[in-house]
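Overview (structure and organization)
What follows is the residue order along each chain.
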Amino acid sequence: MKELGHVSLKRPVIVVNFKTYLESSGKEALALAKLCEAVAHETGASIIVAPPLPDLALIASSVNIPVYAQHADDVRPGNTTGHVTLENFRASGASGTLLNHSERRIKVAEIHDLIGLARSLHLATIVCTNNPGVSVACAAMGPDAVAVEPPELIGGDISVTTANPGIVSDTVRAIRSVRPEVAVLCGAGVKGRADVSKALELGSDGVLLASGVVKAKDKRAVLMDLVAGLR
Ligand code: G3P
């Protein structure tokens, strides 16, 4: 596996976004993060977790896999009550952050500012996008990764790799031609080995997923199945 960017983010990668599901909050968030860590260590797979923001500091101090924030505000620490800053995440032990998730869009100028600031703080950035055009625009700003996710497929049962493989391959092609160093992930509806393996076949560097793991009865089995798709 090759190292990605300025932090030890290895490709191919599985990024598990816990969102704000109750099944992955509080004690459950810690348990799921530990499970992801165990599977990562057992298999050698690269797994990143993005827990709910209130759980981030505890999890970052409890597991030895990368922990990302789900969102950051483009404000600086100080008199910015109720915001979440990259500097705060760094102090809490995070390795990086998602930006511009479909459920937490931010402005283009904010994405640009945050990518630059994250880099100076040695935090990685994964910018979420909704199509190849937006993906290229975001890749041009130099994040560590872009994750393309058709919003209409998020939380559903059909993986983007089945419902819209073209969006993945077009995004990969477009980004590789302008910023080949930027990793390309895909997400929405990803549930198991076949989806991960198809994502890699389409040229991506991994997947970003949530409900497939968070809502599963046997989370360990699902994680092992996803990891099997990396091979
Ligand atoms: O951040 C991951 C995401 O939006 C996809 O969610 O539930 O379709 O895997 P899900």
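Residues numbered from 1 in each chain as written. Predicted model: local features only at pLDDT ≥ 70, side-chain atom pairs only at ≥ 80, totals over all residues. Heavy atoms only, no water.

**A word on the site of the ligand**
Taken together, the residues surrounding the ligand are Asn17, Lys19, His101, Glu149, Ile154, Gly155, Ala188, Gly189, Leu208, Leu209, Ala210 and Ser211. One of the side-chain nitrogen or oxygen atoms of asparagine 17 is found 3.0 Å away from an oxygen atom of the ligand. Between alanine 210 and the ligand, the recorded distance is 2.8 Å, taken from a backbone N or O atom to an oxygen atom. For the ligand, whose unbound accessible area comes to 310 Å², protein coverage reaches 100%. Classifying every residue of the shell around the ligand gives five nonpolar, five polar and two charged. (Near = heavy atom within 4 Å. Polar contact = N/O pair within 3.5 Å; in protein donor to acceptor, adjacent residues only side chain to side chain. Areas by Shrake-Rupley, 256 points an atom, 1.4 Å probe, with all protein chains shown as cover. Nonpolar A, V, L, I, M, F, W, Y, C, P; charged D, E, K, R; others polar.)

**Observations regarding helix 4 (residues 108–120)**
Along its 13 residues, helix 4 runs 19 Å from first to last C-alpha, staying within 8% of the 18 Å computed at 1.5 Å per residue. Within the sequence span of helix 4, burial applies to Ile111, Leu114, Ile115 and Ala118. The buried residues of helix 4 occupy an angular sector of 105° when the element is viewed end-on, so they sit on one face. Lining the buried residues of helix 4 we find helix 3 (86–92), strand 6 (96–99), strand 7 (124–129) and helix 5 (132–139). (Helix = DSSP H or I, 4+ residues; strand = E, 2+ residues; numbered from the N terminus. Expected span 1.5 Å × (residues − 1). Buried < 20%, exposed > 50% of the residue type's maximum accessible area, 1.4 Å probe, protein only. Arc of directions from axis to C-beta. Contact = heavy atoms within 4.5 Å.)

**A few points about the pattern of salt bridges**
With the rule as written, the count across this model stands at 13 salt bridges. Between arginine 179 and glutamate 181 there is a salt bridge; the shortest N-O distance is 2.7 Å. Assessed through its relative accessible area of 26%, arginine 179 is described here as partly exposed. A cluster of three or more residues bridged by salt bridges with shared partners is formed by Arg11, Arg176 and Asp205. (Salt bridge = Lys/Arg side-chain N within 4 Å of Asp/Glu carboxyl O.)

**Points about the confidence of the model for the protein**
Note that predicted coordinates carrying low pLDDT should not be read in detail. Residue-level pLDDT values for the protein average 96, and 97% of them are 70 or greater. Predicted confidence for residues 1–5 stays below pLDDT 50, and this span has 17 contacts to residues more than four positions away or in other chains. (pLDDT = per-residue confidence, 0-100.)

**Quick look at the pairing of strand 10 (residues 206–209)**
Neither face of strand 10 is exposed, since Gly206 and Leu208 on one face and Val207 and Leu209 on the opposite face are all buried. Direction of pairing for strand 3 (residues 13–17) relative to strand 10: parallel, over a ladder of four bridges. The residue bridging valine 16 from the neighbouring strand is leucine 209, located in strand 10. By the bridge criterion, two bridges tie strand 9 (residues 183–187) to strand 10 in an arrangement that is parallel. By the bridge assignment, cysteine 186 is partnered in strand 10 with valine 207. (Pairing = 2+ DSSP bridges.)

**Observations concerning the sheet that holds strand 9**
With parallel pairing, eight strands are arranged side by side in an open sheet as 4-3-10-9-8-7-6-5. If you trace the sheet from one side to the other, it starts and ends with strand 4 (46–50) and strand 5 (68–69), each paired once. In this fold helix 1 (residues 27–43) packs onto strand 3 and strand 4, with an angle of close to 170° to the strand it touches most, strand 4. Along the sheet, helix 4 contacts strand 6 and strand 7; its crossing angle with strand 7, the most-contacted strand, is approximately 160°. (Axes fitted to C-alpha atoms, helices over the stretch in contact; angles between N-to-C directions.)

**Points about the nonpolar core**
Counting 64 residues, the largest nonpolar core has Val16 and Leu226 as its most contacted members. Dropping the residues within four chain positions of it, leucine 226 is found in contact with Ile14, Val190, Lys191, Gly192, Arg193, Val196, Leu209 and Val213. Membership of the second largest hydrophobic core comes to 15 residues, among which are Val13, Val15, Ile126 and Ala145. (Core = buried A, V, L, I, M, F, W, Y, C linked by side-chain atoms within 4.5 Å.)

**Thoughts on the state of the cysteines**
Note on terminology: a disulfide is the covalent bond linking the sulfur atoms of two cysteines. In this structure the tally under the stated criterion is zero disulfides. Free cysteine cysteine 36: the closest other cysteine sulfur is in cysteine 128, separated by 17 Å. Of the residues examined, cysteine 36 reaches a relative accessible area of 0% and is grouped as buried. (Disulfide = S-S within 2.5 Å.)

**Structural notes on the side chain of glutamate 149**
Residue position: glutamate 149 is located in the loop between strand 8 (145–148) and helix 6 (160–163). For the buried glutamate 149, no salt bridge exists, and the shortest N-O distance to an oppositely charged side chain is 6.0 Å, to lysine 19. Here histidine 101 takes part through its side chain, which lies 3.4 Å from a polar atom of the side chain of glutamate 149. Apart from residues no more than four positions distant in its own chain, glutamate 149 is found in contact with His101, Thr129, Asn130, Ile154, Gly187, Ala188 and Leu208. (Lys, Arg positive; Asp, Glu negative; His and termini not counted.)

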